[in-house]
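Listed here are the chains, written in short residue letters.
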Amino acid sequence: MTNHPGHERTDHGAHGAHGAHGAHGAHGAHGVHGGARPGGLSVSESGYTLELDSTILTAGAQPVTFRVTGPDGRAVTEFRPEHEKELHFIAVRRDTAGFQHVHPVRDEKGTWSVELDLEPGDWRFFADIHPAAHDGTLTLGIDAAVAGAYDPRPLPEATGIAQVGAYTVALDGELLPGEASELTLTVSRDGRPVTDLQPYLAAYGHLVALRVGDLGYLHVHPEGAPGDGATAPGPEIAFMAVAPTAGTYRLYLDFQHDGVVRTAEFTVRTSTAAPGSDGGPHAASGHGSHHHGHHAHH
(Lines give C-alpha, C1' and ligand atoms only; values in the text may rest on other atoms or scores of the structure.)
Protein backbone atom coordinates (compact mmCIF):
# COMPACT_ATOMS: atom_id res chain seq x y z
CA MET A 1 0.00 0.00 0.00
CA THR A 2 1.26 3.45 -0.83
CA ASN A 3 0.13 6.82 0.40
CA HIS A 4 0.00 9.94 -1.73
CA PRO A 5 -0.79 13.59 -1.09
CA GLY A 6 -3.77 13.18 -3.37
CA HIS A 7 -5.92 10.36 -4.66
CA GLU A 8 -5.84 9.85 -8.41
CA ARG A 9 -7.63 6.96 -10.01
CA THR A 10 -8.64 5.96 -13.50
CA ASP A 11 -10.79 2.98 -12.47
CA HIS A 12 -13.95 5.00 -12.76
CA GLY A 13 -16.28 2.09 -12.31
CA ALA A 14 -14.86 1.41 -8.87
CA HIS A 15 -14.28 4.85 -7.44
CA GLY A 16 -16.56 7.76 -6.90
CA ALA A 17 -18.38 9.85 -4.42
CA HIS A 18 -22.05 9.75 -3.74
CA GLY A 19 -22.17 12.38 -1.05
CA ALA A 20 -23.68 14.63 -3.70
CA HIS A 21 -27.00 12.92 -4.23
CA GLY A 22 -28.41 15.02 -6.99
CA ALA A 23 -29.21 18.49 -8.14
CA HIS A 24 -30.28 21.12 -5.68
CA GLY A 25 -33.87 20.38 -6.47
CA ALA A 26 -33.54 16.88 -5.02
CA HIS A 27 -32.89 18.05 -1.47
CA GLY A 28 -36.25 16.95 -0.19
CA ALA A 29 -35.53 13.30 -0.89
CA HIS A 30 -32.91 13.27 1.85
CA GLY A 31 -34.36 15.70 4.37
CA VAL A 32 -31.53 18.18 4.01
CA HIS A 33 -33.77 21.05 5.03
CA GLY A 34 -35.56 18.98 7.65
CA GLY A 35 -32.91 18.87 10.34
CA ALA A 36 -30.05 17.31 8.38
CA ARG A 37 -29.94 14.25 10.58
CA PRO A 38 -26.68 12.49 9.78
CA GLY A 39 -26.78 8.98 8.41
CA GLY A 40 -24.48 6.06 8.96
CA LEU A 41 -24.65 6.07 12.75
CA SER A 42 -26.70 2.89 12.83
CA VAL A 43 -26.07 -0.56 11.36
CA SER A 44 -29.82 -1.00 10.92
CA GLU A 45 -32.60 1.39 9.91
CA SER A 46 -36.20 0.94 8.72
CA GLY A 47 -35.73 -2.82 8.77
CA TYR A 48 -32.61 -2.78 6.59
CA THR A 49 -29.32 -4.00 8.05
CA LEU A 50 -25.71 -3.92 6.83
CA GLU A 51 -23.96 -7.25 7.42
CA LEU A 52 -20.22 -7.77 6.85
CA ASP A 53 -18.97 -11.31 6.30
CA SER A 54 -16.08 -10.41 8.61
CA THR A 55 -15.61 -7.41 10.89
CA ILE A 56 -11.95 -8.34 11.54
CA LEU A 57 -9.67 -7.81 8.55
CA THR A 58 -5.97 -7.88 7.77
CA ALA A 59 -4.00 -4.90 6.49
CA GLY A 60 -3.26 -4.28 2.82
CA ALA A 61 -5.39 -4.79 -0.25
CA GLN A 62 -8.30 -6.86 1.04
CA PRO A 63 -11.54 -8.18 -0.43
CA VAL A 64 -14.55 -7.15 1.61
CA THR A 65 -17.90 -8.88 1.20
CA PHE A 66 -21.22 -7.89 2.68
CA ARG A 67 -24.95 -7.79 2.14
CA VAL A 68 -27.92 -5.63 2.98
CA THR A 69 -30.80 -7.57 4.49
CA GLY A 70 -34.36 -6.31 4.33
CA PRO A 71 -37.31 -6.41 6.74
CA ASP A 72 -37.89 -10.06 5.78
CA GLY A 73 -34.35 -10.98 6.84
CA ARG A 74 -33.27 -11.82 3.31
CA ALA A 75 -30.52 -10.19 1.28
CA VAL A 76 -31.87 -7.32 -0.83
CA THR A 77 -31.31 -7.73 -4.57
CA GLU A 78 -33.31 -4.80 -5.96
CA PHE A 79 -32.11 -1.22 -5.57
CA ARG A 80 -32.89 2.04 -7.27
CA PRO A 81 -29.75 3.58 -8.78
CA GLU A 82 -28.60 6.88 -7.27
CA HIS A 83 -26.03 8.79 -9.27
CA GLU A 84 -25.74 5.89 -11.71
CA LYS A 85 -24.96 3.27 -9.04
CA GLU A 86 -27.09 0.89 -6.96
CA LEU A 87 -24.79 1.20 -3.95
CA HIS A 88 -22.08 3.65 -2.91
CA PHE A 89 -19.62 2.31 -0.37
CA ILE A 90 -17.44 4.53 1.79
CA ALA A 91 -14.55 3.32 3.95
CA VAL A 92 -12.71 5.61 6.34
CA ARG A 93 -10.59 5.01 9.39
CA ARG A 94 -11.92 6.41 12.65
CA ASP A 95 -9.19 9.09 12.66
CA THR A 96 -10.59 10.20 9.22
CA ALA A 97 -7.55 8.88 7.29
CA GLY A 98 -7.66 6.45 4.40
CA PHE A 99 -10.92 7.64 2.84
CA GLN A 100 -12.10 5.45 -0.05
CA HIS A 101 -15.35 5.68 -1.98
CA VAL A 102 -15.95 2.69 -4.21
CA HIS A 103 -18.69 0.80 -5.99
CA PRO A 104 -18.89 -2.91 -5.11
CA VAL A 105 -20.24 -5.60 -7.42
CA ARG A 106 -23.37 -7.53 -6.41
CA ASP A 107 -24.11 -11.15 -7.27
CA GLU A 108 -27.59 -12.54 -7.92
CA LYS A 109 -27.95 -13.62 -4.28
CA GLY A 110 -27.37 -10.12 -2.95
CA THR A 111 -23.74 -10.43 -1.79
CA TRP A 112 -21.58 -7.41 -2.58
CA SER A 113 -17.80 -7.57 -3.00
CA VAL A 114 -15.11 -4.92 -3.30
CA GLU A 115 -11.38 -4.57 -2.70
CA LEU A 116 -10.16 -1.97 -0.22
CA ASP A 117 -6.71 -0.79 0.85
CA LEU A 118 -6.69 -0.98 4.62
CA GLU A 119 -4.18 0.20 7.21
CA PRO A 120 -4.32 -1.12 10.78
CA GLY A 121 -6.88 0.57 13.01
CA ASP A 122 -10.59 0.98 13.60
CA TRP A 123 -12.61 1.62 10.44
CA ARG A 124 -16.13 2.70 9.61
CA PHE A 125 -17.85 1.38 6.50
CA PHE A 126 -20.95 3.04 5.02
CA ALA A 127 -23.43 1.68 2.49
CA ASP A 128 -25.48 4.39 0.78
CA ILE A 129 -28.52 2.74 -0.81
CA HIS A 130 -32.08 3.14 -2.02
CA PRO A 131 -33.81 -0.25 -1.70
CA ALA A 132 -36.53 -0.58 -4.32
CA ALA A 133 -39.10 -1.43 -1.66
CA HIS A 134 -38.21 1.59 0.49
CA ASP A 135 -39.38 5.15 -0.04
CA GLY A 136 -36.00 6.85 0.28
CA THR A 137 -32.25 6.64 0.56
CA LEU A 138 -30.58 5.05 3.59
CA THR A 139 -27.00 5.24 4.82
CA LEU A 140 -26.07 2.30 7.03
CA GLY A 141 -22.78 2.14 8.93
CA ILE A 142 -20.74 -0.61 10.56
CA ASP A 143 -17.39 -0.82 12.33
CA ALA A 144 -14.53 -3.08 11.26
CA ALA A 145 -11.15 -3.72 12.89
CA VAL A 146 -7.95 -4.04 10.85
CA ALA A 147 -5.20 -5.93 12.67
CA GLY A 148 -1.70 -4.55 13.07
CA ALA A 149 0.24 -1.73 14.68
CA TYR A 150 -2.05 1.29 14.68
CA ASP A 151 -0.52 4.68 13.94
CA PRO A 152 -3.33 7.20 14.54
CA ARG A 153 -2.98 10.55 12.80
CA PRO A 154 -3.96 13.93 14.17
CA LEU A 155 -6.85 15.77 12.59
CA PRO A 156 -5.48 18.03 9.82
CA GLU A 157 -5.64 21.75 10.46
CA ALA A 158 -8.26 23.95 8.78
CA THR A 159 -6.66 26.07 6.05
CA GLY A 160 -9.18 26.20 3.19
CA ILE A 161 -6.76 24.85 0.57
CA ALA A 162 -6.18 21.26 -0.54
CA GLN A 163 -3.34 20.20 -2.83
CA VAL A 164 -3.82 17.10 -5.00
CA GLY A 165 -0.77 16.66 -7.20
CA ALA A 166 -0.70 19.62 -9.60
CA TYR A 167 -4.24 20.60 -8.60
CA THR A 168 -5.22 23.12 -5.96
CA VAL A 169 -8.76 23.18 -4.58
CA ALA A 170 -9.91 26.22 -2.59
CA LEU A 171 -12.94 26.06 -0.32
CA ASP A 172 -15.14 29.10 0.27
CA GLY A 173 -18.34 29.38 2.28
CA GLU A 174 -19.62 28.70 5.76
CA LEU A 175 -20.89 25.43 7.18
CA LEU A 176 -23.73 26.43 9.49
CA PRO A 177 -25.42 24.27 12.15
CA GLY A 178 -29.06 23.67 11.31
CA GLU A 179 -29.07 25.99 8.33
CA ALA A 180 -28.52 25.44 4.61
CA SER A 181 -25.51 27.22 3.19
CA GLU A 182 -23.50 27.14 -0.01
CA LEU A 183 -19.99 25.77 -0.20
CA THR A 184 -17.96 26.61 -3.31
CA LEU A 185 -14.88 24.67 -4.30
CA THR A 186 -12.63 26.16 -6.97
CA VAL A 187 -10.28 23.89 -8.90
CA SER A 188 -7.06 25.06 -10.53
CA ARG A 189 -4.04 23.29 -11.98
CA ASP A 190 -0.57 24.82 -11.90
CA GLY A 191 -2.16 28.13 -10.96
CA ARG A 192 -4.66 28.18 -13.84
CA PRO A 193 -8.43 27.71 -13.42
CA VAL A 194 -9.77 24.37 -14.65
CA THR A 195 -12.70 25.09 -16.96
CA ASP A 196 -13.18 21.65 -18.49
CA LEU A 197 -14.09 19.39 -15.60
CA GLN A 198 -15.66 16.14 -16.77
CA PRO A 199 -19.04 14.82 -15.62
CA TYR A 200 -18.60 12.05 -13.11
CA LEU A 201 -21.57 10.05 -11.84
CA ALA A 202 -23.94 12.74 -13.13
CA ALA A 203 -22.19 15.72 -11.53
CA TYR A 204 -19.02 17.81 -11.85
CA GLY A 205 -18.14 17.05 -8.26
CA HIS A 206 -19.21 14.83 -5.39
CA LEU A 207 -18.81 15.76 -1.77
CA VAL A 208 -18.96 13.50 1.27
CA ALA A 209 -19.06 15.15 4.71
CA LEU A 210 -18.40 13.30 7.98
CA ARG A 211 -18.80 14.71 11.49
CA VAL A 212 -15.58 14.37 13.47
CA GLY A 213 -16.13 12.41 16.66
CA ASP A 214 -18.81 9.98 15.51
CA LEU A 215 -18.43 10.06 11.70
CA GLY A 216 -22.06 11.02 11.16
CA TYR A 217 -22.55 10.99 7.37
CA LEU A 218 -24.10 14.02 5.67
CA HIS A 219 -25.71 14.16 2.25
CA VAL A 220 -24.36 17.14 0.34
CA HIS A 221 -26.01 18.24 -2.89
CA PRO A 222 -24.40 19.83 -5.96
CA GLU A 223 -25.90 22.93 -7.44
CA GLY A 224 -26.96 22.26 -11.02
CA ALA A 225 -25.91 19.38 -13.24
CA PRO A 226 -23.87 18.79 -16.40
CA GLY A 227 -25.87 19.54 -19.51
CA ASP A 228 -28.50 21.66 -17.81
CA GLY A 229 -27.51 24.70 -19.85
CA ALA A 230 -26.50 26.69 -16.78
CA THR A 231 -23.83 24.76 -14.89
CA ALA A 232 -20.29 25.49 -16.06
CA PRO A 233 -17.65 22.70 -16.04
CA GLY A 234 -15.48 24.54 -13.54
CA PRO A 235 -13.53 26.07 -12.12
CA GLU A 236 -16.19 26.42 -9.41
CA ILE A 237 -18.28 23.55 -8.04
CA ALA A 238 -21.09 24.66 -5.71
CA PHE A 239 -22.84 22.55 -3.09
CA MET A 240 -25.62 23.06 -0.57
CA ALA A 241 -24.96 21.63 2.86
CA VAL A 242 -26.43 21.66 6.35
CA ALA A 243 -24.48 20.74 9.47
CA PRO A 244 -26.79 18.99 11.94
CA THR A 245 -24.85 20.40 14.89
CA ALA A 246 -21.98 22.73 15.64
CA GLY A 247 -18.61 21.03 15.48
CA THR A 248 -15.86 19.92 13.17
CA TYR A 249 -16.41 18.06 9.89
CA ARG A 250 -14.26 16.38 7.28
CA LEU A 251 -15.09 17.04 3.62
CA TYR A 252 -13.98 14.79 0.76
CA LEU A 253 -14.40 16.17 -2.77
CA ASP A 254 -14.17 13.93 -5.83
CA PHE A 255 -13.74 15.57 -9.22
CA GLN A 256 -12.72 14.27 -12.64
CA HIS A 257 -10.30 15.91 -15.06
CA ASP A 258 -8.30 14.46 -17.96
CA GLY A 259 -9.95 11.11 -17.35
CA VAL A 260 -8.74 10.79 -13.75
CA VAL A 261 -10.81 11.03 -10.56
CA ARG A 262 -9.06 12.90 -7.77
CA THR A 263 -10.02 13.46 -4.15
CA ALA A 264 -9.33 16.60 -2.12
CA GLU A 265 -9.86 16.66 1.64
CA PHE A 266 -10.70 19.46 4.06
CA THR A 267 -11.32 20.02 7.74
CA VAL A 268 -14.18 22.46 8.38
CA ARG A 269 -15.45 23.97 11.62
CA THR A 270 -18.98 25.27 11.74
CA SER A 271 -19.48 29.01 11.91
CA THR A 272 -21.80 30.66 14.39
CA ALA A 273 -22.11 33.82 12.31
CA ALA A 274 -24.82 34.10 9.71
CA PRO A 275 -23.69 34.62 6.11
CA GLY A 276 -23.15 38.28 5.34
CA SER A 277 -22.87 39.30 8.98
CA ASP A 278 -20.11 41.51 10.29
CA GLY A 279 -18.82 38.84 12.64
CA GLY A 280 -16.01 37.73 10.38
CA PRO A 281 -17.43 34.26 9.73
CA HIS A 282 -14.65 33.32 7.33
CA ALA A 283 -12.08 33.73 10.04
CA ALA A 284 -14.26 31.97 12.59
CA SER A 285 -15.11 28.90 10.58
CA GLY A 286 -11.69 27.74 9.50
CA HIS A 287 -13.09 26.48 6.22
CA GLY A 288 -10.82 23.70 5.20
CA SER A 289 -7.50 22.04 5.57
CA HIS A 290 -4.64 21.04 3.39
CA HIS A 291 -4.96 17.42 2.42
CA HIS A 292 -3.23 15.44 5.12
CA GLY A 293 -1.10 13.42 2.73
CA HIS A 294 -2.24 9.96 3.85
CA HIS A 295 -4.91 9.22 1.27
CA ALA A 296 -4.75 5.57 0.38
CA HIS A 297 -4.25 4.82 -3.30
CA HIS A 298 -6.33 1.77 -4.05
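Refer to the structure printed above.
A. A look at the overall build of the protein chain. Across its full length, the protein chain holds one helix and 23 strands. Expressed as a percentage of the 298 residues in the protein chain, the buried residues total 55%. Sequence separation of 24 or more characterises 71% of the internal contacts of the protein chain that already satisfy a separation of 6 or more. Of the roughly 11600 Å² that the protein chain leaves accessible, carbon and sulfur atoms contribute 51%.

B. Quick look at the side chain of D117. Inspection of the secondary structure assignment puts D117 in strand β10 (residues 111–118). Note on D117: relative accessible area 9%, which makes it buried. Among the polar contacts listed, one links the side chain of D117 to the backbone nitrogen of A61, at a separation of 3.4 Å.

C. Summary view of the sheet that holds strand β3 (residues 44–45). Overall, antiparallel pairing links the five strands, which are arranged β3-β4-β6-β10-β9 in an open sheet. Every other strand in the sheet has two partners, leaving β3 and β9 (105–106) as the edge strands with one partner each. Where strand β6 (residues 60–69) and β10 come together, eight bridges link them in antiparallel fashion. Bridge pairing in β10 places P63 opposite E115.

D. A look at the packing of aromatic side chains. Going through the model one piece at a time under the given rule, you end up with seven aromatic pairs. Ring geometry for F79 and W112: centres 5.6 Å apart, planes at 70°, overall edge-to-face. With F79 in the loop between β6 and β7 (87–93) and W112 in strand β10, this residue pair connects regions lying 33 residues apart in the sequence. For W112, a relative accessible area of 3% translates into the label buried. The rings of F66, F79, F89, W112 and F125 are connected pair by pair, giving a single aromatic cluster.

E. Quick peek at the environment of L175. Residue placement: L175 occurs in the loop between β14 (167–172) and β15 (181–189). You can call L175 buried: its relative accessible area is 3%. For L175, the contacting residues outside a window of four places in its chain are S181, L183, A241, A243, Y249, V268, R269, T270 and S271.

F. Quick look at unusual backbone geometry. The residue after G234, namely P235, is reached through a cis peptide bond having omega 0°. Looking at the secondary structure, you find P235 in the loop between β19 (221–222) and β20 (236–241). For E84, which is not a glycine, the phi torsion comes out positive at approximately 70°. Inspection of the secondary structure assignment puts E84 in the loop between β6 and β7. Taking the relative accessible area as the measure of exposure, E84 reaches 55% and is therefore exposed. A positive phi angle, near 75°, is found at T96, a position not held by glycine.

G. Just the pattern of salt bridges, in detail. Taken as a whole and assessed by the stated rule, the structure comprises 12 salt bridges. Taking the shortest distance from any N to any O, the salt bridge between E45 and R37 comes out at 3.2 Å. The exposure class of E45 is partly exposed, given its relative accessible area of 22%.

Analysis parameters
- Residues numbered from 1 in each chain as written.
- Predicted model: local features only at pLDDT ≥ 70, side-chain atom pairs only at ≥ 80, totals over all residues.
- Heavy atoms only, no water.
- Helix = DSSP H or I, 4+ residues; strand = E, 2+ residues; numbered from the N terminus.
- Buried < 20%, exposed > 50% of the residue type's maximum accessible area, 1.4 Å probe, protein only.
- Contact = heavy atoms within 4.5 Å.
- Areas by Shrake-Rupley, 256 points an atom, 1.4 Å probe, with all protein chains shown as cover.
- Polar contact = N/O pair within 3.5 Å; in protein donor to acceptor, adjacent residues only side chain to side chain.
- Pairing = 2+ DSSP bridges.
- Phe/Tyr/Trp six-rings, centres within 6.5 Å; stacked < 30°, edge-to-face > 60°.
- Salt bridge = Lys/Arg side-chain N within 4 Å of Asp/Glu carboxyl O.

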